[in-house]
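# Structure at a glance
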Amino acid sequence: AGNIEFWPYNYAPENGADIYDCEDTAIPNESGIGYGSMQVHVENPLNLSGPRQTVFAFNGFNRGRTADLGIGRNANPDGQPDWTFSANADTYTVRKMQVYVKQQGPPEPTISPAPTLSPKTSSPVSSMTTVVTLGASGVDTITHDQLCPSQITEELLIDGAAYTNGVGTVTLYQCSSVGFDPMKIKLINFPIQDGLWFEIKNRKNDVNLVIKSLADYSEYSTGGGYSGEYPFQESQEHYPEFSWNHVSKWVSYRKMPAQWNKPKNIFTQEEIEWIANNNYMSWFGLESVDYILELAKDIKQVNPKYKQLLYWNSYGYRGVEIDTFNEDWLQYEMINGKRVHIQKGQQRYYNHSIPEMRQWWIDHALKMTSHKLPNGDRVINGVFSDATRSDIGTDHSNMIEELQNALPADCIKMGNFLRQKDAYRKVFNEGYKRNDKPHNGNRWRLAYADGSYLENVHENRNDQPVDEAIIVSMQLAREGLWKGKIIFWNGAPFNCLANCDDVTEADMSEYIKPTLAEYLIIAEKYGYYNFLASPVAGPDNERYIWETSQMDEFTRPLGEPQGPPVRVGNKFTRHFGHVSVMLTVGVNGVNEGTYKWIPTTPEPVGPPAPQPVIPPTPQPVAPIDIVDTIPDSQGYELVYELDPIPVQPNFATEVGYTRQDLNHPPFSRVAYFIELDGAEFGHQWAWVSMDAFTDNVAFTGVPCPVCDQGTLQQSVTNVHVVSNVPDLHDGTSLAGNIEFWPYNYAPENGADIYDCEDTAIPNESGIGYGSMQVHVENPLNLSGPRQTVFAFNGFNRGRTADLGIGRNANPDGQPDWTFSANADTYTVRKMQVYVKQQGPPEPTISPAPTLSPKTSSPVSSMTTVVTLGASGVDTITHDQLCPSQITEELLIDGAAYTNGVGTVTLYQCSSVGFDPMKIKLINFPIQDGLWFEIKNRKNDVNLVIKSLADYSEYSTGGGYSGEYPFQESQEHYPEFSWNHVSKWVSYRKMPAQWNKPKNIFTQEEIEWIANNNYMSWFGLESVDYILELAKDIKQVNPKYKQLLYWNSYGYRGVEIDTFNEDWLQYEMINGKRVHIQKGQQRYYNHSIPEMRQWWIDHALKMTSHKLPNGDRVINGVFSDATRSDIGTDHSNMIEELQNALPADCIKMGNFLRQKDAYRKVFNEGYKRNDKPHNGNRWRLAYADGSYLENVHENRNDQPVDEAIIVSMQLAREGLWKGKIIFWNGAPFNCLANCDDVTEADMSEYIKPTLAEYLIIAEKYGYYNFLASPVAGPDNERYIWETSQMDEFTRPLGEPQGPPVRVGNKFTRHFGHVSVMLTVGVNGVNEGTYKWIPTTPEPVGPPAPQPVIPPTPQPVAPIDIVDTIPDSQGYELVYELDPIPVQPNFATEVGYTRQDLNHPPFSRVAYFIELDGAEFGHQWAWVSMDAFTDNVAFTGVPCPVCDQGTLQQSVTNVHVVSNVPDLHDGTS
């Protein structure tokens, strides 16, 4: 007998003695990536009752570090018996593993018969279904099964009809495998009334059904915040209707612009019908009282059973003015002697301490719900209270409860109540300690409410695993439904408001998959689902954006649930009448939904259906013979063909050509052949050829978002046109232009006419409407309007495309066919693209004009130099090809340029086919403070030059004004070098429990900090240790600059004896003074002068300590949490400290922040009524520099990609003006929970953020990259001190010029590397690097050849068949030869051989062979009865192949080995 321990996770010993052996326990995580174990253990045939033998062990294969390998039990007394942590793979010269399987006749089913005396039966009801019927208690004698039934059956039914035992654990099978396909499992006859939550769990050799109460949250990390239960709903008579026929929907909707001082936007009758006929319930508000009532009446006119709620915000006053409101009831603060309302966007905050305000808020809602229809139904059926997060017992909270209780019994009382993040009301202290009070996820509110909307269901707390958030949210929803409440589940993936142009119907079909799965897992009667990309209706958005009932998921039948959901690991499954669903919850917050829809119309059984009468097929149009018909086509070769062109193409990710051949030599001509046939225009065709406008054959086809040609909007020459279309006139050697792009576009001519002069509107995704048009002179009227030869538009959206030859003659249409949506009117739709070679291509670089201050000249066959004159403006020479397309390097030399900001035209041609990494700006000094961008407009390639202090082009540009002064002195700055990337670092120890003894940095850690960085900050520890650590660092590196970390907003860390707690903010709750705090940080009361002076004095005292050499122990202060308005006590205190610090102290802070262009958040991204705050640039008038935090975080009304671009400009402006800049490249902060972060991960994470830094880098700009600031022992070095990474050990070299932007790409060149940053529209950036070798090949006599020692004789490989008789009949499945020394199988096992094409098997075997200095030549063979029927599960446990934990007994084990202590045996 034996057992296997196969898993990809971390694991722990089971036996209580810290000994890893044959009884370890896997610790699964949702990523599936951990240390990893592949071990086989077996009885000792000489001592069957003694300890089991380890046959072989292969551990630690997912981390990219030296793995553990061994045969037999590890005899090292300091090691683990199963070789865990031995890290010895590098000691073997032979490392082979082979996996075999063997077939022994047809496999027999191993389902055990039901035990006759047991209240639980496990019996086959068909050859593919197994039923487990639970008795009342669910606990009985278990029959041992060799295989778990889920592995050999298609359906495992667990019947709970007789089960009455409630919560507990029921053992289903005495075997173990998480190889269950969760969608095979169905729980039947467990009624929702029981309020139970089910999970399949494996422990050792048991498969268990764990049953808990829906009101029990104790297993979660936030479980201590939940207590008690709320009562069941008493009446549901006033509820909306509900049906299982389809997914039951609710909907939210509005109109834009949300400027409530303007006339309302009326919903159309069609929109009202969409709302009323496809949903059961909704809320509406913010508009005028009259229109809220009018719209509710209109909806009920269509659907009298519809339930309409009043949207009523409990925290702030917003929307159209209500004449009964008094503005004295709003919160305000005094700034510069003036009363300024406290607000967010247009929402001004109520002062809940005013009784009159609270009563008005209640009365207004009661009045709105009092209106009746002639049939007696209420116009408004209830109230949805929003923004309800407040502590129990506060005026705000009491006001909400009073309204709910005051509403009539037939009114629906809903709110934004349940929220799993509110298990505790305050945010945890950095995810480690909770000192805030439990808040029960706001469940207490459902004691008086009819239900809840669930918002931000995926949003986790700081100390909570990301994946736990959605699981707790689902349990909160199911508990509510169990107790008879209404639940609104929000499936919206985001809210794009009126900016949804880039959201396609195909996108929506993907976005719905995970969120609908979440809803179906929680769904019970009166649970409703909403899915949209924006609540904003037309005309701003198309219907599919906001009213999604036409989607397949809502038109398909659903059917009643066949039982409750069941959880298996990170998967939740459930079955309905017409669909089975599985939700996979991702550890990274990205969930997946899997569906198996059941056909609703079975095939008819009986006589065959009558065959339809097929009309005669119309005779096809004879295809054009191009060679005979078009003499100009001679010598051309086909590149691309689309035949037919799709009616509704979606080329956003790939153009589905029917033929393509890109294997062509350089070409000088390009041609297009278009053929169409349809009822309106008959048979049409056109041929057009032209001089090549590109040397990249891929750019001749349909403009492709993913192939990076961007906008090809330029003139073309020597155009020949032949066509059978009467109004398209043939001609040769004509001038023309092309409009090829994948983007949206707009007319240029001011008359809303789309023609040959449109303008592309690029976006970073590259996906828009799309245009592929060729226009040409009319040979009969060369000075007249150009002819459209052909147009193919609208090919990226999955909707009917535009197609046409010649100019569109429809007076209601556009000349270039834009918006015609007519592709479905043609029966023939063919496009072909050709190229032609005419001898060797000649270079087309124009010679430099002799009288021009700009020259464009070749300096080598692969390099072009553009030398700018002083003004940069001169006569341009027309080039047929832009030089970047035919050269390897385009140098733009600005040595003579003195004109400052402006636009310099480089070439009179147009293409964004530039490879941006070919472009170098040289001799533009940083002192000029310029920011450069290559832009294409029409037929010009321009260099746009702006000031680094100019932010006007950005959406937030109005928030920036003026400039701050240049730095006067840098003598006190840290050192800086271009030899390598110059680094700063932040660091700390854990746990951050400052009432405990400090954690000391080791000498090795101190040396890492001191020798690999120039500067850092440190604080929160005791005063003595802050000083002690700074001295230790300077002992290693006297030039190191250490700053004091000093939080300006809150008091945290080890207590400081000079502090007075009366200086903290507090609020009175139930007559007690409670400090206002976040985690362990309690907020200062900045209005107290003594507090402000203490804060300044303490920092001055800390920087006053000196070393014997006169240097300061602490070289300055880093002020954190500095976001506050200009002129406030808080802000003034920071400035006073900076000004009070001595001149040789470094004055830094968390200052620059692009999100603070305006201090307040915009009003839902549309109107700014908050004051400009200049990105906090005004603080650099008194500071030496800034740390930039959250550089990727955009404002509500700001494009995601703009955030990083503005942040980079803020940083470069600071460096231009002589400031210190700390650029933070940390991808996240995993604190002490970084076990899943590998060195390979870090190598990926650094690519985009290092590229960002290199784009902004100038002298005194420093970079920090880490996954956590927490040092050992909690984290390995590579997590927090990353200087050993290649990017920091490689030489960098001085920058060869400033960065240049081309579209969404920024490039720059250094002595040893060229870098390109690609800024993603979705916030995901990419870094591309070209490192220049630093050690050239030596020139001279050949180096002496090393003396090569004789190769050691290899060990003779084992002949398995001759040596091991048991191996007869086995077939090889997998081989690893050699097993890697440092494997990283997190994403794929790199087998050297594999063959998975095998019939069902009954035996599995492993052969391991090792050879090394310590143990010599070793081998072992072990075979066993099959423990799985999936051959993929026999190999190395793989995180991505979903076998999970195979921890179970195995039988009939045969062992043969040459290892003395591993005893052979059979059966």
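Rules of the game
- Residues numbered from 1 in each chain as written.
- Predicted model: local features only at pLDDT ≥ 70, side-chain atom pairs only at ≥ 80, totals over all residues.
- Heavy atoms only, no water.
- Pairing = 2+ DSSP bridges.
- Helix = DSSP H or I, 4+ residues; strand = E, 2+ residues; numbered from the N terminus.
- Axes fitted to C-alpha atoms, helices over the stretch in contact; angles between N-to-C directions.
- Contact = heavy atoms within 4.5 Å.
- 1 Å grid on protein atoms, 1.4 Å probe; cavity = no way out; pocket = protein on both sides within 12 Å on 5 of 7 lines; lining within 4 Å.
- Points joined across faces, edges and corners; volume = space filled by probe spheres on them.
- Nonpolar A, V, L, I, M, F, W, Y, C, P; charged D, E, K, R; others polar.
- pLDDT = per-residue confidence, 0-100.
- Salt bridge = Lys/Arg side-chain N within 4 Å of Asp/Glu carboxyl O.
- Buried < 20%, exposed > 50% of the residue type's maximum accessible area, 1.4 Å probe, protein only.
- Parallel < 35°, antiparallel > 145°, perpendicular 65-115°, else oblique.
- Left-handed = near helix turned anticlockwise from the far one by under 90°.
- Disulfide = S-S within 2.5 Å.
- Core = buried A, V, L, I, M, F, W, Y, C linked by side-chain atoms within 4.5 Å.
- Phe/Tyr/Trp six-rings, centres within 6.5 Å; stacked < 30°, edge-to-face > 60°.
- Lys NZ or Arg CZ within 6 Å of the ring centre and 35° of its normal.

### Thoughts on the sheet that holds strand S51 (residues 984-986)
- The 5 strands are arranged S51-S52-S53-S59-S60 in an open sheet whose pairing can be described as parallel. Pairing within the sheet leaves two strands with one partner each, and these edge strands are S51 and strand S60 (1146-1149). Adjacent strand axes in the sheet meet at a mean angle of 25°, parallel and antiparallel pairs treated alike.
- Contacting strand S53 (1041-1047) and strand S59 (1116-1120), helix H12 (residues 1089-1102) runs over the sheet at an angle of about 165° to S53.

### A closer look at empty space enclosed by the protein
- Throughout the structure, instances matching the rule amount to 12 cavities of 30 Å³ or more.
- Here the largest cavity defines a volume of roughly 140 Å³.
- Those elements that place two or more of their residues in the lining of the largest cavity are helix H2 (289-302), strand S17 (307-313), strand S18 (316-317) and helix H3 (355-368).
- The element best represented in the lining of the largest cavity is S17, accounting for 4 residues.
- Grouping the amino acids of the lining of the largest cavity by side-chain chemistry returns 11 nonpolar, 3 polar and 2 charged.

### Thoughts on the confidence of the model for the protein chain
- Mean pLDDT over the protein chain works out to 82, with 85% of the residues at or above the 70 mark.
- Predicted confidence is poor over residues 873-881, with pLDDT under 50, and the contacts of this stretch with residues over four places away or in other chains come to 30 contacts.

### Comments concerning the pattern of salt bridges
- Under the counting rule described, the total for this entry stands at 49 salt bridges.
- Between Glu1061 and Arg1082 there is a salt bridge; the shortest N-O distance is 3.1 Å. Of the two residues, Glu1061 sits in the loop between strand S54 (1050-1051) and strand S55 (1066-1069) while Arg1082 sits in strand S58 (residues 1081-1083), which places them 21 residues apart along the sequence.
- A salt bridge links Arg1092 to Asp1129; the shortest N-O distance between them is 3.8 Å. With a gap of 37 residues between them, Arg1092 in helix H12 and Asp1129 in helix H13 (residues 1129-1140) connect regions that are remote in the sequence.
- For Asp1129, a relative accessible area of 33% gives the class partly exposed.
- What emerges from the salt-bridge pattern is a single network uniting Glu229, Arg443, Glu479 and Lys483.

### What about the pairing of strand S40 (residues 771-776)?
- S40 sits mainly inside the fold: 6 of its 6 residues count as buried.
- Here S40 shows a buried face lined by Ser771, Gln773 and His775 and a second buried face lined by Met772, Val774 and Val776.
- Relative to S40, strand S37 (residues 731-741) runs antiparallel, the two being bridged by 6 bridges. Pairing of Ile738 across the sheet is with Val774, part of S40.
- The pairing of S40 with strand S41 (residues 787-793) spans 6 bridges and is antiparallel. Bridge pairing links His775 to Thr788 in S41.

### What to know about the environment of Ser385
- Among the secondary structure elements, Ser385 is positioned in strand S23 (residues 382-386).
- Between the C-alpha atoms of Ser385 and Ser452, which are 67 residues apart in sequence, the distance is 9.5 Å.
- Among all residues touching Ser385, those that are not within four sequence positions of it are Trp312, Trp361, Leu403, Gln404, Met414, Gly415 and Asn416.

### Observations concerning the sheet that holds strand S61 (residues 1185-1188)
- One open sheet accounts for 3 strands, arranged S61-S62-S63; its pairing is parallel. The sheet terminates laterally at S61 and strand S63 (1261-1264), the two strands that pair on one side only. Sheet twist, expressed as the mean angle between neighbouring strand axes with direction ignored, is 15°.
- With 4 bridges connecting them, strand S62 (residues 1220-1224) and S63 associate as parallel partners. Within S63, the residue paired with Asn1224 across the bridge is Asn1264.
- Contacts between helix H14 (residues 1200-1216) and the sheet are confined to S61, S62 and S63, with S62 contributing the most and set at about 155° to the helix.
- Packing of helix H15 (residues 1239-1256) onto the sheet brings it into contact with S62 and S63, and relative to S63 it is tilted by some 175°.

### A few points about the packing of H12 against H13
- Axis separation between H12 and H13 bottoms out at 10 Å; the angle between their running directions is 30°. As the angle between them shows, H12 and H13 are arranged roughly parallel. Where H12 crosses over H13, the handedness of that crossing is right-handed. Touching Met1091, Arg1092, Trp1095, Ile1096, Ala1099 and Leu1100 of H12 are Asp1129, Met1133, Ile1134, Glu1136, Leu1137 and Ala1140, all from H13.
- Here the residues of the contact of H12 with H13 sort into 9 nonpolar, no polar and 3 charged.

### Some points on the state of the cysteines
- For the structure on display, the rule yields 2 disulfides.
- Across the disulfide, Cys496 is cross-linked to Cys500 (sulfur-sulfur distance 2.0 Å). Judged by the sign of its S-S torsion, about 105°, the cystine formed by Cys496 and Cys500 is right-handed.
- Take Cys500: its relative accessible area is 4%, and that puts it in the buried class.
- Covalent S-S linkage joins Cys1230 and Cys1234, the inter-sulfur distance amounting to 2.0 Å.

### Some details on the nonpolar core
- Ranked by internal contacts, the top residues of the largest apolar core, which has 114 residues, are Trp1046, Trp1095, Trp1223 and Tyr1253.
- Not counting chain neighbours up to four residues away, the residues in contact with Trp1095 comprise Trp1046, Asn1047, Ser1048, Tyr1084, Ser1119, Met1133, Ile1134 and Leu1137.
- In terms of nonpolar packing, the next biggest core, distinct from the first, is built from 113 residues, Tyr311, Cys411, Trp444 and Trp482 among them.

### Points about the packing of aromatic side chains
- Applying the stated criterion across every chain, the model contains 122 aromatic pairs.
- Consider the rings of Phe6 and Tyr1406, whose centres lie 5.8 Å apart with planes at 85°: the pair is edge-to-face. Linking Phe6 in strand S1 (residues 2-7) with Tyr1406 in strand S70 (residues 1403-1412), this pair joins segments that are 1400 residues apart in sequence. Note on accessibility: Phe6 and Tyr1406 belong to one class, buried.
- Both rings, one in Tyr672 and one in Phe790, keep their centres 5.7 Å apart while their planes meet at 45°; by these two values the pair is tilted. Separated by 118 residues along the polypeptide, Tyr672 in strand S34 (residues 669-678) and Phe790 in strand S41 bring together distant segments of the chain. Taken as a pair, Tyr672 and Phe790 share a single burial class, namely buried.
- Across the ring face of Phe267, the terminal group of Lys255 is positioned such that the distance to the ring centre comes to 4.9 Å.

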